[in-house]
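A structural walkthrough
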Amino acid sequence: CFYSLFLAQAAKLQEVESLRTELDKLKQQLQGNASTFLPSAGQVAFSASLLSDGEATIGPFNGHTALVFKNVVTNIGSAYDPNTGVFTAAVRGVYHFEWHIGVDSSNTAAVLVKNTNHIFTAYEHQTAGYGASSQSASLLLEAGDTVCVHQWTGTKIHDNQNHHSTFSGHLLFTL
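Residues numbered from 1 in each chain as written. Predicted model: local features only at pLDDT ≥ 70, side-chain atom pairs only at ≥ 80, totals over all residues. Heavy atoms only, no water.

1. Here we look at the overall build of the protein chain
- Along the backbone of the protein chain there are two helices and 13 strands.
- Residues counted as buried form 32% of the 175 residues belonging to the protein chain.
- When the accessible surface of the protein chain is summed, it comes to about 10,100 Å², and 54% of that surface belongs to carbon and sulfur atoms. (Helix = DSSP H or I, 4+ residues; strand = E, 2+ residues; numbered from the N terminus. Buried < 20%, exposed > 50% of the residue type's maximum accessible area, 1.4 Å probe, protein only. Areas by Shrake-Rupley, 256 points an atom, 1.4 Å probe, with all protein chains shown as cover.)

2. Comments concerning the pattern of salt bridges
- Tallying each qualifying case throughout the model produces one salt bridge.
- Across the pair E142 and R92 runs a salt bridge, and its minimum N-O distance is 2.9 Å. Taken together, the positions of E142 in the loop between β10 (130-141) and β11 (146-151) and R92 in the loop between β6 (86-88) and β7 (93-104) put the pair 50 residues apart, joining distant regions of the chain.
- Relative accessible area serves as the criterion here: at 35%, E142 is assigned to the partly exposed category. (Salt bridge = Lys/Arg side-chain N within 4 Å of Asp/Glu carboxyl O.)

3. Re the environment of Q151
- Along the chain, Q151 turns up in strand β11.
- Separated by 50 residues in sequence, Q151 and I101 place their C-alpha atoms 9.5 Å apart.
- When sequence neighbours within four positions are dropped, the list of residues in contact with Q151 reads I58, G59, F61, G63, H64, T65, L67, A109, A110, K156 and I157.
- A distance of 3.0 Å separates a polar atom in the side chain of Q151 from the backbone oxygen of I58. (Contact = heavy atoms within 4.5 Å. Polar contact = N/O pair within 3.5 Å; in protein donor to acceptor, adjacent residues only side chain to side chain.)

4. Focus: the confidence of the model for the protein chain
- Confidence in the prediction for the protein chain averages 86 pLDDT; 85% of positions are at 70 or higher.
- Counted against residues more than four places away or in other chains, residues 34-40, with its pLDDT under 50, gives five contacts. (pLDDT = per-residue confidence, 0-100.)

5. Here we look at the nonpolar core
- By size, the foremost hydrophobic cluster in this structure holds 27 residues, and its most contacted members are F87, Y95, F97, L112 and F167.
- Looking at this core, the elements with two or more residues in it are β1 (45-49), β7, β8 (107-114), β10, β11 and β13 (166-174).
- No other element matches the four residues that β7 contributes to this core. (Core = buried A, V, L, I, M, F, W, Y, C linked by side-chain atoms within 4.5 Å.)

6. What to know about the environment of S47
- Tracing the backbone through its elements, the reader meets S47 in strand β1.
- Judged by its relative accessible area of 22%, S47 falls in the partly exposed class.
- For the pair S47 and F167, spaced 120 residues apart in the sequence, the C-alpha separation amounts to 5.9 Å.
- Residues within four places of S47 in sequence aside, it is in contact with N71, V72, V73, T74, F167 and S168.

7. Description of a nonpolar patch on the surface
- On the surface, a cluster of nonpolar side chains totalling about 370 Å² of accessible area is made up of L140, L172, F173 and L175.
- Positionally, L172 belongs in strand β13.
- A relative accessible area of 41% means that L172 is categorised as partly exposed. (Patch = residues over 30% accessible without salt bridge, like charges linked within 9 Å, V, L, I, M, F, W, Y side chains within 5 Å.)

Encoded structure:
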């Protein structure tokens with residue numbers, strides 16, 4: 001009776017060791033494939049200007065208007081869409097954004113928008129000549145949250161081949 005209990009315990013111990021070995025192998029595979037599951041974690045950065053070349057003044061518009069920064073110089077992780085001007089967070093984390101807007105003899109304003117919420121506004125009143133305004137913000141974003149820049153109602157934004165009007169962002173760290 002004691003011997004059969006001993007054999008049963010030994011068989012269970014052998015099964016536990018086999019499961020432990022299999023679990024260790026799966027952990028190693030998962031660590032080796034982590035980039036497959038989170039391809040953009042820690043690797044998100046973009047920078048774009050309004051115009052790729054030439055010179056233009058955009059606006060004024062009758063309502064807040066999403067700006068599309070078409071001249072993309074960096075888009076690691078492909079989180080910024082140059083067709084819509086919208087950045088979409090791939091992972092939960094803290095992201096940092098900057099936007100700079102140029103103006104020539106007018107008023108200008110642009111607001112950073114997280115999903116539908118206005119975060120911070122850059123504003124400049126320039127009665128003559130060229131001026132600019134800048135802002136930045138660090139935001140906690142969930143995967144799927146969107147961030148973009150909207151031009152304020154009734155204002156103008158100027159850009160030229162020197163790329164004064166830009167929008168940039170990057171992931172600081174994941175949470």
